[in-house]
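If you want the building blocks of each chain, they are given just below.
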Amino acid sequence: MKGMIRGLWQYRGFIFASVKREFQSKYRNSLLGALWTVLNPLAMIVVYTVIFSQVMQTRLPGVDNSFAYSIHLCAGLLTWGLFTEIVGRAQTTFIDNANLLKKLSFPRLCLPAIVVANALVNFVIVFGLFALFLAITGNFPGLPYLALIPTVALLVLFAIGLGITLGVLNVFFRDVGQFFGIFLNFWFWLTPIVYSVSILPQRVQVWMRFNPMARMMESFQVILVQGHWPNWYSLWPVLAMSAVLCLLGLRLFRKHAGEIVDEL
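Residues numbered from 1 in each chain as written. Predicted model: local features only at pLDDT ≥ 70, side-chain atom pairs only at ≥ 80, totals over all residues. Heavy atoms only, no water.

Q: Got a minute to help me understand the overall build of the protein chain in this structure?
A: Tallying secondary structure elements over the protein chain gives 12 helices and 0 strands in all. For the protein chain, the N- to C-terminal ordering of α and β elements is α-α-α-α-α-α-α-α-α-α-α-α. Per-residue burial for the protein chain yields a buried fraction of 46% across its 264 residues. Within the protein chain, residue pairs in contact and separated by at least 24 positions form 75% of the contacts whose partners lie at least 6 positions apart. (Helix = DSSP H or I, 4+ residues; strand = E, 2+ residues; numbered from the N terminus. Buried < 20%, exposed > 50% of the residue type's maximum accessible area, 1.4 Å probe, protein only. Contact = heavy atoms within 4.5 Å.)

Q: When you look at helix 9 (residues 175-189) in this model, what are you seeing that I'm missing?
A: Three- or four-residue spacings in an α-helix give side chains the same orientation, since the helix completes a turn every 3.6 residues. Taking 1.5 Å of rise per residue, the 15 residues of helix 9 would be expected to cover 21 Å, and the 22 Å separating its terminal C-alpha atoms lies within 8% of that figure. Taken residue by residue, helix 9 has Val176, Gly177, Phe180, Leu184, Trp187 and Phe188 as its buried positions. (Expected span 1.5 Å × (residues − 1).)

Q: Mind showing me how you'd approach the nonpolar core here?
A: As a rule of thumb, soluble globular proteins bury nonpolar side chains together. Counting 67 residues, the largest nonpolar core has Phe83, Phe130, Trp187, Met213 and Leu224 as the members making the most contacts within it. Elements that contribute at least two residues to this core include exactly helix 4 (68-90), helix 7 (110-136), helix 8 (148-172), helix 9, helix 11 (212-226) and helix 12 (236-263). A per-element tally of this core places helix 4 first, with 14 residues. Those residues in contact with Trp187, other than ones at most four positions away along the chain, are Trp80, Phe83, Phe158, Leu162, Phe180, Asn211, Pro212 and Met213. (Core = buried A, V, L, I, M, F, W, Y, C linked by side-chain atoms within 4.5 Å.)

Below is the structure:
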């Protein structure tokens with residue numbers, strides 16, 4: 001483990017350059033350039049706010065705030081987007097970078113690190129706009145906002161652990177990526193993002209506790225909608241699962257590192 005961390009640190013310049021190159025290439029030949037990074041999420045926030053809080057006047061059960069549902073929805077969609085971006089790109093990163101793996105010698109774990117760094121850059125920009133929206137509308141949660149740091153860190157840990165595990169398996173069994181894409185659609189609707197878990201029957205709410213992303217979404221919504229500190233104890237199963245997935249992913253990677261290059 002120490003060797004892997006040391007290797008990533010030694011190649012930090014390579015990771016930083018890769019992130020910078022991808023960010024620049026995304027908006028090359030575009031008149032507005034990186035401004036699209038701001039415009040797209042800004043448009044989403046405005047649309048959700050206008051449609052749900054003003055036009056449809058959607059309300060969250062037990063919350064007397066016209067913006068509550070919009071905040072609930074944005075909090076879920078933005079953090080779910082971070083999760084799916086990391087998992088989705090991590091599960092194909094070895095395949096997508098096959099030429100790089102064959103030609104250059106570098107710690108292979110730099111590739112998942114680049115995936116995480118790219119996703120976090122996009123997330124920080126988008127979530128910064130969302131925080132500005134919260135402040136303008138008078139819904140900024142105050143001090144509990146700091147709880148987002150460890151909560152997002154846990155989400156990233158869970159996502160990259162799952163992503164690396166799927167990424168190694170996907171090299172040898174390409175059906176893994178196709179199946180997970182379908183599974184992800186079901187997972188989204190089984191997670192309380194567009195609805196509140198409180199509207200579900202009690203027996204369904206009990207089963208919802210077995211969904212790690214439901215626990216994560218609940219924490220984000222408690223922070224951003226209610227302005228309260230999350231229930232840290234409720235997140236320990238997610239932490240345990242993240243640790244298991246990271247160890248499993250690293251074990252699979254170390255065991256099959258040589259075969260991955262041959263298989264590609």
